Amino acid sequence: MIRLFRHYIPNAVLLLALFDALVLGAAAEFGWIFRADQIGMAIEPIVNRLPQILTFAAALELAMIAVGVYGADALQSLRIATARLIVAVSLGTIFLSVIFFLIPALTFWRSNLLYAMGAALVGLFMLRILLGKTLGGQVFKRRVVVLGAGPRAERLKTLSRKPGSAFVVVGYVAMAEGNRVIPEAIARDAIYNLADHVVLLNASEVVLALEERRNALPLKDLLRIKTTGVHVNEISTFLERETGRVDLQSVNPSWLIFSDGFSSGRMLSSMSKRLFDITASLILLVLTLPLIVLSAIAIKLESRGPAFYRQRRVGLYGQGFDIIKLRSMRQDAEIGGKAVWAEKDDPRITRVGRFIRKVRIDELPQCWSVLKGEMSFVGPRPERPQFVEDLEQQLPYYAERHMVKPGITGWAQINYPYGASIEDSRQKLEYDLYYAKNYSPFLDLLILLQTIRVVLFPDGAR
């Protein structure tokens with residue numbers, strides 16, 4: 001994987017994105033030449049239309065990221081990839097039409113866009129047919145040797161077999177562990193020179209997955225492996241990179257303290273984030289005000305009670321604040337004010353409420369909290385005080401998620417379906433900790449773009 005602005009991107013995804021950009025540029029050029037030939041226009045040098053070609057490629061590339069074209073499911077299934085490509089090219093073309101209306105010089109005419117859009121769809125589809133098996137094959141996967149043969153090593157074995165995995169385990173070495181569960185692991189005593197063994201397996205990385213590290217670290221072996229040019233990693237860092245989560249089962253306080261990250265409080269990044277929040281919340285409130293008003297009217301017509309409701313949440317540094325949402329449940333959903341987890345097909349949700357939850361319209365009034373500075377657009381979802389008290393008792397490091405400002409959308413929201421249990425909260429906490437640790441404006445942009453996918457393809461909204 002390649003680390004870009006503290007976020008890991010699989011090599012295959014980056015390569016495919018580069019090829020896609022070339023295809024999009026070629027499609028834009030084809031659309032212009034084809035239309036120019038139709039009307040008898042002289043073909044000028046390509047330099048004269050580079051801004052329009054780059055705008056076309058950039059707009060469609062962003063749309064492809066937004067709808068999940070580079071997600072693991074789309075990379076594994078041509079059917080899913082095709083459906084998302086159609087949506088992405090359509091969204092990108094709509095965006096380009098808006099740009100044409102605002103800044104005509106930056107994009108092609110609408111007739112050019114029609115031909116370019118068709119060429120882009122064909123080109124992107126053919127590219128995936130040609131590269132599909134190669135991108136998912138062994139050539140782009142890192143070869144890993146695991147030091148350990150216990151439950152931690154078994155977790156890596158399971159992860160390597162998942163569709164879309166970016167690595168393959170080429171060997172396991174049992175390091176005198178009592179609870180051995182990997183039968184094919186070779187005992188360390190049976191290997192004369194571990195560094196030579198790793199090199200012979202053509203491994204690019206060694207992962208330390210010992211169950212007990214105290215007085216058990218093979219320091220001489222690790223040093224020799226490192227000096228051969230093979231990367232040495234321990235399991236917490238490896239799992240963070242491969243899963244996009246901070247793994248609570250393997251992580252310890254010293255790893256969180258000494259690993260890099262947790263820089264969201266830096267002045268420059270905080271100022272840029274706040275400036276974006278103010279600008280975007282103002283624009284979004286103005287643009288969506290008619291939609292909010294119509295939704296409020298529909299809520300009032302369907303059920304008795306106020307269209308909006310306030311709810312106490314826990315924010316930055318554990319401070320409480322009130323969020324405003326469009327009401328999606330019956331007025332008597334929580335008798336006595338006692339917090340209750342939402343359920344799948346929750347009977348308390350109204351018909352209008354089910355719709356506005358699926359398309360996230362009920363979240364729009366929270367832009368007011370963003371404007372006031374109590375929330376950000378991107379960050380961990382703020383929970384209710386009653387839930388926070390329970391979760392802090394049952395989940396380690398839960399309080400650390402409050403070290404960053406809560407958000408309307410977040411890394412957990414785009415990677416994990418809606419959950420309403422302790423186990424779901426643990427999974428989402430792992431994503432929230434990853435966000436807090438690896439925050440950057442780039443990651444915020446990625447989350448905002450992929451929130452479009454969550455809205456277009458609702459999964460588990462309750």
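Further up the page is the structure itself.
Everything numeric here is computed off the predicted structure, so don't read it as measured data. (Residues numbered from 1 in each chain as written. Predicted model: local features only at pLDDT ≥ 70, side-chain atom pairs only at ≥ 80, totals over all residues. Heavy atoms only, no water.)

Caption draft 1: Geometry of empty space enclosed by the protein. Within this structure, the stated rule accounts for one cavity of 30 Å³ or more. Taken together, the residues of the lining of the largest cavity break down into six nonpolar, two polar and three charged. (1 Å grid on protein atoms, 1.4 Å probe; cavity = no way out; pocket = protein on both sides within 12 Å on 5 of 7 lines; lining within 4 Å. Points joined across faces, edges and corners; volume = space filled by probe spheres on them. Nonpolar A, V, L, I, M, F, W, Y, C, P; charged D, E, K, R; others polar.)

Caption draft 2: Quick peek at helix α14 (residues 385-394). Where α14 is concerned, the buried positions are Phe387, Val388 and Leu391. Buried residues of α14, viewed axially, fall in a sector of 100°; they line one side. Exposed residues pointing more than 90 degrees away from the buried face of α14 are listed as Glu389 and Gln393. Those residues of α14 hidden inside the fold are in contact with β8 (308-314) and α16 (422-437). (Buried < 20%, exposed > 50% of the residue type's maximum accessible area, 1.4 Å probe, protein only. Helix = DSSP H or I, 4+ residues; strand = E, 2+ residues; numbered from the N terminus. Arc of directions from axis to C-beta. Contact = heavy atoms within 4.5 Å.)

Caption draft 3: Spotlight on the packing of aromatic side chains. Throughout the structure, instances matching the rule amount to six aromatic pairs. Taking the centre distance of 6.1 Å and the plane angle of 65° together, the rings of Phe276 and Phe377 count as edge-to-face. Of this pair, Phe276 sits in helix α11 (residues 267-302) while Phe377 sits in strand β10 (residues 376-378), and the two are 101 residues apart along the sequence. Owing to a relative accessible area of 9%, Phe377 belongs among the buried residues under this scheme. (Phe/Tyr/Trp six-rings, centres within 6.5 Å; stacked < 30°, edge-to-face > 60°.)

Caption draft 4: Fine view of the side chain of Arg313. Note that Arg313 resides in strand β8. Buried and unpaired, Arg313 has Glu383 as its nearest opposite-charge partner, separated by 5.3 Å. Other than its neighbours up to four places away in sequence, Arg313 contacts Gln319, Gly320, Phe321, Ile323, Lys325, Arg381, Pro382, Glu383, Arg384 and Pro385. (Lys, Arg positive; Asp, Glu negative; His and termini not counted. Salt bridge = Lys/Arg side-chain N within 4 Å of Asp/Glu carboxyl O.)

Caption draft 5: Region of interest: the packing of helix α1 (residues 11-38) against helix α2 (residues 50-66). One way to put it is that α1 packs onto α2 with a least axis distance of 9 Å and a crossing angle of 135°. The pairing of α1 with α2 is recorded here as oblique in orientation. Note on packing geometry: the crossing formed by α1 with α2 is right-handed. Where α1 abuts α2, its residues Ala17, Asp20, Ala21, Leu24, Gly25, Ala27, Ala28 and Glu29 lie against Ile53, Phe56, Ala57, Leu60, Glu61 and Met64. (Axes fitted to C-alpha atoms, helices over the stretch in contact; angles between N-to-C directions. Parallel < 35°, antiparallel > 145°, perpendicular 65-115°, else oblique. Left-handed = near helix turned anticlockwise from the far one by under 90°.)

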